[in-house]
Every structure is written in structure tokens, then in C-alpha cells.
Amino acid sequence: MAQCVSRVQLSVACRRLLDRDVGSKSDPLCVLLQDVGGQRWAELDRTERIKNCQDPEFSKKLLVDYYFEKVQKLKFGVYDIDNKSAELSDDDFLGGMECTLGQIVSSSVFTRPLELKEGKPAGKGTITITAEEIKDTRVVNLEIEARNLDKKDFLGKSDPFLELYKQSDAGMWHLVYRSEVVKNNLSPCWRKFSVPLQTFCGGDLNKPIKVQCSDYDSDGSHDLIGVFETNLTQLQKAGDGSPVEFECIHPEKKQKKKSYKNSGIISIKSCKIETDYSFLDYVMGGCQINFTVGIDFTGSNGNPNSPDSLHYISPDGINEYLIAIWSVGSVVQDYDTDKLFPAFGFGAQVPPSWQVSHEFALNFNPNNPYCQGIQGIVDAYRQILPQIRLYGPTNFSPIINHVARFAAHSAQQKTASQYFILLIITDGEITDLDQTRQAIVNASKLPMSIIIVGVGEADFKAMEFLDGDNGVLKSLTGEPAARDIVQFVPFRQFRNAPREALSQVVLAEVPKQLVSYYKLQGWPPVRLPDIKKM
């Protein structure tokens, strides 16, 4: 397990971006990618999108684990977003920049020109990145509303949004959070939000905080409603039904009019400081990750004795199923102390009755389906291939429900002690899509994640649908998944990449999924790190 030295948050600002929109300015968003080898990049994080702005200062910070011993190649891409899809291939590219995380953390301010491709500048566009180590994992949770705000729009009411700034030691104001816009409302109630304490005030509860309320205009020329200054010590007095209230003051109006009182009241309903635990906090705190493998033995894979079958083992002893088991398993096994992994097959006729089974132990021992280490799974797979008949249909739900039963049993302990990862390797021709959707929605409420690796050349539309990246997955009855727990990757994208590339991409989501589950439950790590027992 590589030693993650610390977490770093990157603040991104751009200047003089290209203008790709006709009649208005671009709507930029910045995406952060990391090199995972073999000319492949995996997305780590992305900022929010800012409408009509050529000089954006993004409020969402990009988080990255900093490994001292690894050269971490990063790529920043700025895109003009004109649609709702998360996919960036259909958006205009405004420029990018490649560097290493080491270069950023060793500079106090890192500014580089943006390029459309190597050697071709993106006009006069630049990107500036500043890094800050997150030493404190506490977060500030805030609920804010307002009343009687000034009316700024000629035809309707104002469209207010908030911006919070912290003051640097040099007296400069730095944006730490920008709220959503509440349309046509002079007494808005904004969504609850949380900001890391380090970002919010550098851990200093008395550091000045400026709260600015403005009226949103789609052309980017927002009108100031009013502003006030405070600090976290004052804000923390809010809660338990007694808000802390501030007058929202427009400096110019105050100067001009003697009778001017304020431009509205901003009310802090609640302000709490809580601890935010990381993936490493849970793992180092004693959380075991249980790894289960499900292998597709349906007829669409082809006869294992034929070289064009996906189950054909080549003369050098491998196939895509084996490579997927090795590359994912070799990373996950570090987090499991007993190294005993249950492994199952589905979709084959199994001796002695030759009934089709959707959940049979690879070692033919249903009472003890555990294999010793990743090598044990590989050995069991090789031994079982000649003994079964590939058949069908391709049902995922039985094996998902099988692992979910163990996860549900573990969740009854109400501690962050066990998390389950199910790796399904399949040629993608799923039969029980509706039952699988329901199984995933049920599993999203449990401590588990599902990784699907698609082998072969099939159309993996159904797998991409289950992944839920383009919207929340729902069951047939319309029940949404509590969290996104499925990660799908087609193996063909990795055929020529180093073996670690596949595991880095398929496992990239797991830390977030694990943390999101325990956060939802409100469970801290079993053993708290010393510095967080404050």
C-alpha cells in the first residue's frame, strides 16, 4: 500500500479564456485528470461550472492525495459547458495544461499558459493553481437564509446568491464558497453546505469572513445586494432554533442615503464544526475490505477450448478474465487481513445434476466458497473450466443479493468495520436487468461497492446504464439508489495498458463510495486517529 503523505486541495483560477459562445461569454468548468500509465488518464475531480465568465475563480477546490514517492502527472482541462451531460467530449475545449503535483506543491502560486494542444496556445488564456495541504479534517456545516432583500430586477424580484470569502494574512479576500442561485425570491433559503475548516478560515475561528449577497444576472454582470463581515466564533452561536442575524449593507447606498437601514437580513440558522473522515482514516482505523468475485460462464462467451472464446486460456496461461482478477485483486487484497476471498460463477450447467446455477462456488464447496488469496481464485477458475458447461441466461441479481446479505449482516453491528467489494467479470449480455437494478438500489443502502469489468467486444450499453454516471440509477418502481456504488469499465480500453492501469481506474471510486456510506450512517472509524480525538 503506497503511503499517502497528505491530502492537498488545489484552488483554480483562469484568466482571458477563449470565447466559444455566440452572443455571450463561455461557461467554464475545470477538470483534473491523473496519469494512470499507458497513455491513459483518469478523472480525479472537477470544479463547478461558472456561467458567462472569461476570468473564472472556481469556488470548488480539487482534492488529490499527494504521494511523495510517486511522480503524479496531472492534466487540467478547461471546457465550455453548454449541456447537462457529465460527459466532456461534446463540450468545447478552452485549453489545458500538464504538470506534476510536485511542481504545484513546490510553488506558492503556479501559473501556466493554457494550450489547445502541445505547442498551440489557447489565445492568451492562463491557469493559476495554488495548493494547500489539508491538515485539519474538520468541516464547517452551514444553513443560511435571508429576508427582505432589495429588489434588483426591473421586472421580477432578485435572484440572490451568496459568496463567502476569507481574509488572508496580507488582507486579500479569497473566495471559499459560492451558493446556488434562488430565483425570483427576496427571502431565500439556500441549501445546506459544508466547507473544510482549513479552507473556510485556515483553522482560525476569529479570522475575518466576508459574506456577500448578490443578484444573479445571466450575462455575468451580477449586482451587489449587500455585504457584512463576521467570523466563525460569531457564526457558531447559531443553532437550536436561535439563528444569528446580520444586516446586509450596500456601502454606496449607506453613503448616499441618511435614512438607509439595510438591504435585507441574512440569518445563519445553524453553524456546526464536525470531523470529516477520509478513506485512510477508516482503513487505518480497522475497516476490513472483503473482496468477492463473480465470473460469467454463459454460452455467449464461446467454447473455452476455442481460441476465439473469452474463456480460452492462451499458451502463456492468461485471458481477460484472469487479468481482471489479478489486477483488481492484487490491490484489494492489501486491505483484507485473512486473504480469504469467496469466488462464484454464474450462468453455467454444473455437475452432478447439470442444472443451470446463477451462484455456484468456484471450488464446488458451497459451505466454504473461500479461496486462499488471489492465486487461489485463479487456481479454482482454471480447475473448474473443463468441469462445467457454459449456458445461460446471464443473471447478475443472485450474486449481488448474495454479497448484500453479508453486507446487511455486517451493517447490523453499526460500526465501520466491514466493507464489501463485488467484482463481476462479464461479456455484458445481461438478462435480468430489472431485478439487477432493484438489487443495486437495495445494495446502495449497504456497506458495499460493485465493480463490473466487461470483457470482449459486446455493446455494453446496459452496463453503462447500471453505472449511473449519467444520472441516478432507479429501480423499476422508481426508487433511486441511495449512493452511486457501481463502477463499470470495458476491458478493451486497457488491452495495451500496464496492468496497474485497470485497477487504478476501476478502484478509483471505491474510497469515495466507502466514505459516503459511513458518512450517511454517521459512523466514525472504529479506532480514531490520535489527532482527531479533539
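Residues numbered from 1 in each chain as written. Predicted model: local features only at pLDDT ≥ 70, side-chain atom pairs only at ≥ 80, totals over all residues. Heavy atoms only, no water.

**A closer look at the overall build of the protein chain**
Spelled out, the test is: Numbered from the N terminus, helices here are DSSP runs of H or I no shorter than four residues, and strands are runs of E no shorter than two. In this setup the radius of gyration rests on C-alpha atoms only. A globule is expected at 2.2 Å times the number of residues raised to 0.38. Working rule for contacts: check all heavy atoms of both residues, and any pair within 4.5 Å makes them a contact. Per-residue and other accessible areas follow the Shrake-Rupley method at a 1.4 Å probe size, with only the shown protein chains counted as cover for residues. As used throughout, the charge tally considers Lys and Arg to be positive and Asp and Glu to be negative, leaving His and the chain termini uncounted. By convention, the point assigned to a charge is CZ for Arg, NZ for Lys, CD for Glu and CG for Asp.
When its secondary structure is counted, the protein chain shows 12 helices and 26 strands. Computed over C-alpha atoms, the radius of gyration of the protein chain comes to 26 Å, within 12% of the 24 Å expected from 2.2 N^0.38 for 534 residues, which places it in the range of a compact globule. Viewed in the frame of its principal axes, the protein chain has a C-alpha envelope of about 95 × 55 × 45 Å. For the protein chain, long-range pairs separated by at least 24 residues make up 70% of all intrachain contacts whose partners lie at least 6 apart in sequence. When the accessible area of the protein chain is evaluated, it comes to approximately 25200 Å², of which 50% is carbon and sulfur surface. One way to put it: in the protein chain the 59 positive side-chain charges average out to a point 6 Å from where the 67 negative ones average out.

**Focus: the UniProt feature "domain: C2" (unreviewed entry) in the protein chain**
How we decide: UniProt positions are given in the numbering used here, feature names are shortened, and annotations may be inferred rather than shown by experiment.
Residues annotated in UniProt with the feature "domain: C2" (unreviewed entry) correspond here to residues 1-114 and 123-246. As annotated, residues 123-246 has a helix share of 7% and a strand share of 47%, and its two end C-alpha atoms lie 44 Å apart.

**Details of the pattern of salt bridges**
The criterion, for reference: The rule for a salt bridge is simple: a side-chain nitrogen of Lys or Arg has to be within 4 Å of a carboxyl oxygen of Asp or Glu.
What the rule picks out here adds up to 21 salt bridges. Residue Lys-461 is joined to Asp-459 by a salt bridge in which the shortest nitrogen-to-oxygen separation is 4.0 Å. Members of the salt-bridge network, linked through shared partners, are Glu-320, Glu-457, Arg-492 and Arg-495.

**Here we look at the sheet that holds strand β15 (residues 244-247)**
Heads up, the rule is: Strand pairing requires that DSSP identify at least two bridges connecting the strands. For every element, the axis is a line fit to its C-alpha atoms; helices are fit only across the contacting stretch, and the angle between N-to-C directions ranges from 0 to 180 degrees.
The strand order across the open sheet built from 4 strands is β12-β9-β16-β15, with neighbouring strands paired in antiparallel fashion. Two strands bound the open sheet, and with one partner strand each, they are β12 (193-196) and β15. In this sheet, neighbouring strand axes are inclined to one another by 35° on average, regardless of whether the strands run parallel or antiparallel. Taken together, the 4 bridges between strand β9 (residues 138-147) and β12 define a ladder with antiparallel strand orientation. In the strand pairing of β12, Leu-142 is matched with Phe-193.

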